[in-house]
Amino acid sequence: MTGSVLSYVLRFVLFVLLQVLVLNRVLFFDFVNPYLYVLFIITLPTMMDRIAQMLVAFLLGLCVDIFSGTIGLNAFACVLTAYIKPFQNKAFGPQEEFGIVPSFTTYGVAQFVQYSSVLVLIHHLAFFIAEAGSFEHFGTILLKTLCSSVFTMLLIISVEYFKSRK
Amino acid sequence: MVSPLWFIEVAISKNTVLSQRVFVVQKRFCSRFYLACMKTLIKFFLTFKTLLVFLFLELVSFLLIVNNNQFQKSQFLSSSNVIVGSIYEGASSVFGYFGLKETNGILAQENSRLKEELLSCKSELERMRRDSNFAARASVAERNCYSFVSAKVINASVYKERNYITLDKGAGDGIRQDMGVIGPNGVVGIVRSVSDHFSEVIPIVCLSDFNVSARIKGNSNLGSVSWSGGDYRKADLWEIPQYVSLQVGDTVETSGCSSIFPEGIVIGTVCDVKRKSEDYFYDIEINLSTDFSNLTYVDVINYQFAEEQNNLEEAEK
């Protein structure tokens with residue numbers, strides 16, 4: 001248990017650093033910005049308490065925010081994602097087993113991609129709406145959401161692929 | 001993993017054990033209803049704890065966003081301003097009726113004030129319109145070498161052959177001999193003599209050797225206007241060559257080729273043109289724009305370089 005907690009702490013730090021040091025500088029076509037750190041929330045174990053998940057997500061978002069100078073934006077999206085995550089776990093995860101870590105091996109590739117893409121879309125939509133501050137340019141928000149989600153999903157799939165091969 | 005609200009859960013679970021004893025102890029002090037209420041409330045919090053924590057965290061994020069990001073702050077404020085503004089608009093559309101009486105009074109007052117102003121403006125405008133030389137005079141005044149002395153006509157004759165006009169201003173007001181005099185509609189005449197407080201003007205309508213250098217408006221050929229007796233509303237324009245095209249109704253104005261009048265002051269309009277084949281010049285009759293029988297206020301033109309110009313011209317002769 002302590003070992004898994006430590007590994008999660010390490011992953012937390014790793015995801016935050018990867019996001020703020022590398023991925024935040026990746027800007028395709030001015031608005032495509034992948035947010036890979038969502039994978040941390042997506043792969044939180046399903047047995048974990050929902051409130052604890054939200055608190056961790058809030059902390060994760062806040063850390064990324066502090067480094068990106070957008071206080072609150074990522075935290076907002078992360079908390080929403082963490083709130084919705086258990087419902088998605090129920091919808092896409094295997095019914096018989098409870099309390100597993102979502103991944104290619106436990107969920108199956110297709111199921112996991114569906115499960116994570118829903119969460120990524122929700123996270124990105126919330127993030128870009130909060131960033132715009134209003135629904136005035138909703139078309140632009142949707143475009144940003146879709147493009148960034150595609151890039152984030154590509155990164156997530158590749159990360160999960162290498163993890164499953166280990 | 002334990003819930004962060006574990007202490008409440010613990011309290012509740014212990015409560016179920018202790019509840020009987022607590023209830024007995026508190027029986028006299030608390031009503032059954034009060035305890036039921038508390039239980040329901042805690043149950044409610046526990047049932048919706050996830051949702052409540054979720055909403056709380058989102059609220060914290062939102063406050064963080066709004067307080068730390070200028071752009072989102074402005075966006076939020078502007079959208080909330082729309083709501084606030086529409087509420088105020090609705091309220092004012094209701095409350096506005098209560099002040100109608102007072103508003104009506106203010107409007108009526110303002111109306112009467114504006115009407116007064118309009119009347120005075122209209123009369124001013126009318127005065128300026130009658131004074132067709134207003135614009136010319138204004139442009140002349142800009143050049144600063146002409147100044148005007150306003151004077152009142154106190155005596156005048158029009159039916160004689162040697163007519164005259166007497167003004168209520170004289171040498172004491174800066175009027176000198178040979179200054180030009182114009183009225184609201186055009187040229188009047190020239191100052192012939194001055195006393196301390198009065199001055200006498202030879203109008204155009206006076207049989208004398210006094211001519212006004214003139215031209216057709218829009219044309220630079222010089223002519224001269226003189227009066228040959230008879231009708232005080234008519235005069236003659238001489239020395240306009242026949243090759244100049246002109247028609248009845250053309251404006252005749254001062255040419256500026258003298259030290260008396262600045263250029264562009266209206267004298268009259270052409271009313272009859274005779275073309276004699278043996279003569280080089282037209283024989284033009286004009287309607288004088290100044291009504292000499294009804295002249296009240298005139299302006300005496302003070303050309304500050306008149307003396308200098310005259311001296312120079314005299315020296316050349």
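About the criteria used
- Residues numbered from 1 in each chain as written.
- Chains lettered and ligands numbered in written order.
- Predicted model: local features only at pLDDT ≥ 70, side-chain atom pairs only at ≥ 80, totals over all residues.
- Heavy atoms only, no water.
- Contact = heavy atoms within 4.5 Å.
- Buried area = accessible area lost by both parts, 1.4 Å probe.
- Salt bridge = Lys/Arg side-chain N within 4 Å of Asp/Glu carboxyl O.
- Polar contact = N/O pair within 3.5 Å; in protein donor to acceptor, adjacent residues only side chain to side chain.
- Core = buried A, V, L, I, M, F, W, Y, C linked by side-chain atoms within 4.5 Å.
- Buried < 20%, exposed > 50% of the residue type's maximum accessible area, 1.4 Å probe, protein only.
- Helix = DSSP H or I, 4+ residues; strand = E, 2+ residues; numbered from the N terminus.
- Pairing = 2+ DSSP bridges.
- Axes fitted to C-alpha atoms, helices over the stretch in contact; angles between N-to-C directions.
- Phe/Tyr/Trp six-rings, centres within 6.5 Å; stacked < 30°, edge-to-face > 60°.
- Lys NZ or Arg CZ within 6 Å of the ring centre and 35° of its normal.
- pLDDT = per-residue confidence, 0-100.
- Expected span 1.5 Å × (residues − 1).
- Patch = residues over 30% accessible without salt bridge, like charges linked within 9 Å, V, L, I, M, F, W, Y side chains within 5 Å.
- Areas by Shrake-Rupley, 256 points an atom, 1.4 Å probe, with all protein chains shown as cover.

Participant: What should I look at first to understand the interface of chain B and chain A in this one?
Facilitator: Frequently, the measure chosen for interface size is the accessible area removed from exposure when the parts meet. With 20 residues of chain B at the interface, the matching set in chain A holds 26 residues. Approximately 2000 Å² of surface area, both sides summed, lies buried where chain B meets chain A, with 74% of it carried by carbon and sulfur atoms. Between chain B and chain A we count zero salt bridges in total. Where chain B packs against chain A, one counts zero residue pairs in polar contact (both at pLDDT 80 or more).

Participant: Even after reading the chapter, I still don't get the nonpolar core, so can you show me in this structure?
Facilitator: Most often, soluble globular proteins keep nonpolar side chains buried together rather than apart. Ile42, Met54, Phe112 and Ile156 of chain A are the most contacted members of the largest nonpolar core, which totals 51 residues. Listing elements by their share of this core, those giving two or more residues are α1 (2-22), α2 (38-42), α3 (50-68), α4 (73-92), α5 (104-107), α6 (109-132) and α7 (138-165) of chain A together with α3 (49-68) of chain B. Among the elements that line this core, the one with the most residues is α4 of chain A, at nine residues. Not counting chain neighbours up to four residues away, the residues in contact with Phe112 of chain A comprise Leu39, Ile42, Thr43, Pro102, Ser103, Phe104, Tyr107, Ile156 and Glu160 of chain A.

Participant: What's the story with the sheet that holds strand β7 (residues 222-226) of chain B in this structure? I'm lost.
Facilitator: Paired through backbone hydrogen bonds, the strands of a sheet run either parallel or antiparallel to each other. All names here are of chain B. Here six strands make up a closed barrel; going around it, the order is β6-β7-β8-β11-β10-β9 and the pairing antiparallel. Strand-to-strand, the axes of this sheet are offset by a mean angle of 40°, without reference to chain direction. As paired strands, β7 and strand β8 (residues 234-238) are joined by three bridges and run antiparallel to one another. Bridge pairing in β8 places Ser226 opposite Asp236.

Participant: Sorry, what's going on with the pairing of β7 of chain B here?
Facilitator: Within a regular strand, side chains alternate between the sheet's two faces. Residue and element names in this part refer to chain B. Most of β7 is tucked away: four of the five residues are buried. Alignment of strand β6 (residues 212-216) against β7, held across four bridges, turns out to be antiparallel. The partner of Ser213 across the bridge, within β7, is Ser224.

Participant: So what exactly am I meant to see when it comes to the packing of aromatic side chains here?
Facilitator: The relation between two aromatic rings is expressed through the spacing of the ring centres and the mutual angle of the planes. Scanning all chains against the criterion turns up 17 aromatic pairs over all chains. Ring pairing ties together the aromatic residues Tyr8, Phe12, Phe15 and Phe40 of chain A, which thus form one cluster. Its guanidinium or amino end placed over the ring of Tyr232 of chain B, Arg233 of chain B lies 5.4 Å from that ring's centre, counting from NZ or CZ.

Participant: I keep staring at the confidence of the model for chain A and nothing clicks. Help me out?
Facilitator: Fine structural detail should not be taken from predicted coordinates in areas where pLDDT scores are low. Looking at chain A, the pLDDT average stands at 85 and 92% of residues meet or exceed 70. When the elements of chain A are averaged for pLDDT, α5 of chain A gives the smallest value, 82, and α2 of chain A the largest, 91.

Participant: Looking at this structure, how should I read α7 of chain A?
Facilitator: Three or four residues apart is the spacing at which side chains of an α-helix point the same way, because the helix has 3.6 residues per turn. Taking 1.5 Å of rise per residue, the 28 residues of α7 of chain A would be expected to cover 40 Å, and the 40 Å separating its terminal C-alpha atoms lies within 8% of that figure. Where α7 of chain A is buried, its residues touch α2, α5 and α6 of chain A.

Participant: Please clarify how the sheet that holds strand β12 (residues 297-303) of chain B should be interpreted in this entry.
Facilitator: Overall, antiparallel pairing links the six strands, which are arranged β1-β2-β5-β4-β3-β12 (chain B) in a closed barrel. For this sheet the average axis-to-axis angle between neighbouring strands, irrespective of direction, equals 40°.

Participant: I keep staring at the pattern of salt bridges and nothing clicks. Help me out?
Facilitator: Two side chains with opposite charge may pair up if their charged atoms get near one another. Residues and elements named next belong to chain B. Across all of its chains, the model carries seven salt bridges over all chains by this definition. Glu253 is paired through a salt bridge with Arg215; the nearest N and O atoms lie 3.1 Å apart. With a gap of 38 residues between them, Glu253 in strand β9 (residues 251-254) and Arg215 in strand β6 connect regions that are remote in the sequence. When sorted by exposure, Glu253 lands in the same class as Arg215, which is buried.

Participant: Honestly, a nonpolar patch on the surface in this entry has me stumped. Any pointers?
Facilitator: Residues and elements named next belong to chain B. Among the surface-exposed residues, Tyr34, Met38, Leu41, Phe44, Phe45, Phe48, Leu51, Leu52 and Leu55 lie close enough to one another that they form a single nonpolar patch of about 790 Å² accessible area. At the level of secondary structure, the elements contributing two or more residues to the nonpolar patch comprise α2 (32-47) and α3. Considering each element in turn, the nonpolar patch owes the most residues, five residues, to α2. Tracing the sequence through the fold places Met38 in helix α2.

Participant: Can you help me understand the environment of Ile202 of chain B in this one?
Facilitator: Residues and elements named next belong to chain B. With respect to the helices and strands, Ile202 occurs in strand β5 (residues 199-203). With relative accessibility at 12%, the residue Ile202 sits in the buried group. Ile202 sits 24 residues away from Asp178 along the chain, and the two C-alpha atoms are 9.6 Å apart. Apart from residues no more than four positions distant in its own chain, Ile202 is found in contact with Val188, Gly189, Ile190, Arg192, Ser208 and Phe210.

Participant: When you look at the pairing of β5 of chain B in this model, what are you seeing that I'm missing?
Facilitator: All names here are of chain B. Most of β5 is tucked away: four of the five residues are buried. Bridge count between strand β2 (residues 165-167) and β5: three bridges; the pairing is antiparallel. Bridged to Ile165 within β5 is Val201. Relative to β5, strand β4 (residues 187-194) is paired through five bridges, and the arrangement is antiparallel. In the sheet register, Gly189 faces β5, and the bridge partner there is Pro203. Hairpin connection from β4 to β5: four residues lie between these consecutive antiparallel strands.

Participant: Which parts of the structure should I look at to understand the side chain of Gln242 of chain B?
Facilitator: All names here are of chain B. As for its placement among the helices and strands, Gln242 is situated in the loop between β8 and β9. At 3.2 Å, the side chain of Gln242 forms a polar contact with the backbone oxygen of Phe281. Each residue touching Gln242, except ones within four places of it in the same chain, is listed here: Arg275, Lys276, Asp279, Tyr280, Phe281 and Tyr282.

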